[in-house]
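Below, each chain spelled out in residue letters.
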Amino acid sequence: MSDTKQADEAGATKAAAKAERRAARLAKQIGAFAKAHGGAEAQVAYIGQLGARIVLVGEDGGWGDLVAPTHAVAELAVQKAGVTVHEDFDGEFAAKVRTGPYEWSRMAGIQVGGPANSNT
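Analysis parameters
Residues numbered from 1 in each chain as written. Predicted model: local features only at pLDDT ≥ 70, side-chain atom pairs only at ≥ 80, totals over all residues. Heavy atoms only, no water. Helix = DSSP H or I, 4+ residues; strand = E, 2+ residues; numbered from the N terminus. Buried < 20%, exposed > 50% of the residue type's maximum accessible area, 1.4 Å probe, protein only. Contact = heavy atoms within 4.5 Å. Patch = residues over 30% accessible without salt bridge, like charges linked within 9 Å, V, L, I, M, F, W, Y side chains within 5 Å. Areas by Shrake-Rupley, 256 points an atom, 1.4 Å probe, with all protein chains shown as cover. Salt bridge = Lys/Arg side-chain N within 4 Å of Asp/Glu carboxyl O.

### Some points on the environment of Ala23
No. 1: Within the secondary structure, Ala23 is located in helix H1 (residues 2–36).
No. 2: On the basis of relative accessibility, which here comes to 0%, the residue Ala23 falls in the buried class.
No. 3: Sequence separation between Ala23 and Ala68 is 45 residues; the distance between their C-alpha atoms is 7.9 Å.
No. 4: Excluding anything up to four places from it in sequence, Ala23 contacts Val73, Leu76, Ala77 and Lys80.

### What to know about a nonpolar patch on the surface
No. 1: A cluster of nonpolar side chains, namely Ile47, Leu50 and Val67, defines an oily patch on the protein surface of about 260 Å² accessible area.
No. 2: Note on placement: Leu50 falls in the loop between strand S1 (40–46) and strand S2 (52–58).
No. 3: On the basis of relative accessibility, which here comes to 64%, the residue Leu50 falls in the exposed class.

What follows is the structure, given as structure tokens:
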């Protein structure tokens, strides 16, 4: 029985180390984004079995996102990166996002003259 306990502990230790490495990689990417955009703020959203989405908004209005395997890894990544984290993507935070013609055409689709959704 102690063999099973040791195996479980070893598995948990490996999983924790893997999560730590993933969070460190994400934090590095968040830091690079922040550097390129004069700083950054983030919001972490649970996206089901896929994990969590980290939405980044730069001081210049540029934006991007990353996906973490779990919400805990995403939270650790933004903490390691040292960025401000918002509970929700609304209000002043959402107003910082600057979109261009590409985003508007992709969001609008065919409703307002954007690119067609099919090749017909």
